[in-house]
Amino acid sequence: LGNHPGASGVIEVEAHRPMREFASEFWQLPELERDIVFRQQVIAFWKEHPAEAAGLYMKKLVYLWTWWPGVGVNYRPSWTWGYLVLWSMSLPMILIGWRLARRDESAVAPGLFLGLWCFFSLLYALFAVNLRLRFESEALLLPYALVTAKCIVDKVKGRYRRGLR
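Right, let's walk through the structure included here. (Residues numbered from 1 in each chain as written. Predicted model: local features only at pLDDT ≥ 70, side-chain atom pairs only at ≥ 80, totals over all residues. Heavy atoms only, no water.)

## Brief notes about the pattern of salt bridges
Here is step 1: On inspection of all chains with the given rule, the structure shows one salt bridge.
Here is step 2: One salt bridge connects Asp-154 with Lys-150, and the closest N-O pair in it is separated by 2.7 Å. Of this pair, Asp-154 and Lys-150 both sit in helix α7 (residues 131-164), four residues apart, roughly one helical turn.
Here is step 3: For Asp-154, a relative accessible area of 39% corresponds to the partly exposed category. (Salt bridge = Lys/Arg side-chain N within 4 Å of Asp/Glu carboxyl O. Helix = DSSP H or I, 4+ residues; strand = E, 2+ residues; numbered from the N terminus. Buried < 20%, exposed > 50% of the residue type's maximum accessible area, 1.4 Å probe, protein only.)

## Things to note about the nonpolar core
Here is step 1: If you look at the biggest cluster of nonpolar residues, it comprises 12 residues: Leu-64, Trp-65, Trp-87, Ile-94, Ala-101, Trp-117, Tyr-124, Leu-133, Leu-140, Leu-141, Tyr-144 and Ala-145.
Here is step 2: Tallying contributions element by element places α7 first for this core, with five residues.
Here is step 3: Membership of the second largest hydrophobic core comes to five residues, among which are Tyr-63, Trp-68, Tyr-83 and Leu-84. (Core = buried A, V, L, I, M, F, W, Y, C linked by side-chain atoms within 4.5 Å.)

## Notes on helix α4 (residues 50-64)
Here is step 1: Spanning 15 residues, α4 covers 21 Å between terminal C-alpha atoms, matching the ideal 21 Å at 1.5 Å per step.
Here is step 2: The set of residues buried in α4 consists of Ala-53, Leu-56, Tyr-57, Lys-60, Leu-61, Tyr-63 and Leu-64. Down the axis of α4, the smallest arc covering the buried residues is 165°, so these residues share one side. (Expected span 1.5 Å × (residues − 1). Arc of directions from axis to C-beta.)

## Details of the packing of α4 against helix α6 (residues 112-124)
Here is step 1: At a minimum axis distance of 9 Å, the contact between α4 and α6 shows a crossing angle of 130°. Judged by the angle between their axes, α4 and α6 are oblique. In this structure, α4 meets α6 at a crossing whose hand is right-handed. Judged by residue contacts, Tyr-57, Leu-61 and Leu-64 of α4 engage Ser-121, Leu-122 and Tyr-124 from α6.
Here is step 2: Considering only residue class, the contact of α4 with α6 consists of five nonpolar, one polar and no charged. (Axes fitted to C-alpha atoms, helices over the stretch in contact; angles between N-to-C directions. Parallel < 35°, antiparallel > 145°, perpendicular 65-115°, else oblique. Left-handed = near helix turned anticlockwise from the far one by under 90°. Contact = heavy atoms within 4.5 Å. Nonpolar A, V, L, I, M, F, W, Y, C, P; charged D, E, K, R; others polar.)

## Some points on a nonpolar patch on the surface
Here is step 1: A surface patch of nonpolar side chains, amounting to about 380 Å² of accessible area, comprises Phe-119, Leu-123, Leu-126 and Phe-127.
Here is step 2: Residue position: Phe-127 is located in the loop between α6 and α7.
Here is step 3: Judged by relative accessible area, Phe-127 falls into the exposed class, the value being 55%. (Patch = residues over 30% accessible without salt bridge, like charges linked within 9 Å, V, L, I, M, F, W, Y side chains within 5 Å. Areas by Shrake-Rupley, 256 points an atom, 1.4 Å probe, with all protein chains shown as cover.)

## Considering the environment of Leu-146
Here is step 1: Locating Leu-146 in the fold gives a position in helix α7.
Here is step 2: Leu-146 sits in the exposed class, given a relative accessible area of 59%.
Here is step 3: Taking the C-alpha atoms as reference, Leu-146 lies 7.1 Å from Gly-97; in sequence the two are 49 residues apart.

## Quick look at the packing of aromatic side chains
Here is step 1: For the structure on display, the rule yields six aromatic pairs.
Here is step 2: Where Trp-65 meets Trp-87, the ring centres are 5.4 Å apart and the plane angle is 40°; that geometry is what we call tilted. On the criterion of sequence distance, the pair formed by Trp-65 in the loop between α4 and α5 (77-103) and Trp-87 in helix α5 is long-range, its members being 22 residues apart.
Here is step 3: Accessibility expressed as a relative area gives 12% for Trp-65, which makes it buried.
Here is step 4: Assessed through its relative accessible area of 6%, Trp-87 is described here as buried. (Phe/Tyr/Trp six-rings, centres within 6.5 Å; stacked < 30°, edge-to-face > 60°.)

Shown next, in the form of structure tokens:
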């Protein structure tokens, strides 16, 4: 969690260790001033350890859309597993729908939602990896899943109608 030397890219109790090193006076500061201190530390980390910072960023980007160690640690296990099952079922439909939308000549900007999804993913990976950060971006991918669902329904209807003749 965070952008500092030793960060693993995942949410874990040990990730809070560097925060404990701040003096108690720091925790008395207003939140805005603490944010300024943290921002300065992040900028210093990126300047002083660019390779480690870039590696951490790439790791967090991958973790944002995959299963990482301790995934869902902040949520009930049943919720986390239910979500992961739903995502596993949705992902193939999203990928197929995106491909179908690209082939459809009448589709307007078939890559628009995917482009926005990429933008938000790149932005979120700068900050933290958490399941809740995926929710806004996942809504951008749902139209592709709907394209797949419509295609399936159309094919089933076509077979059903041919069977009635």
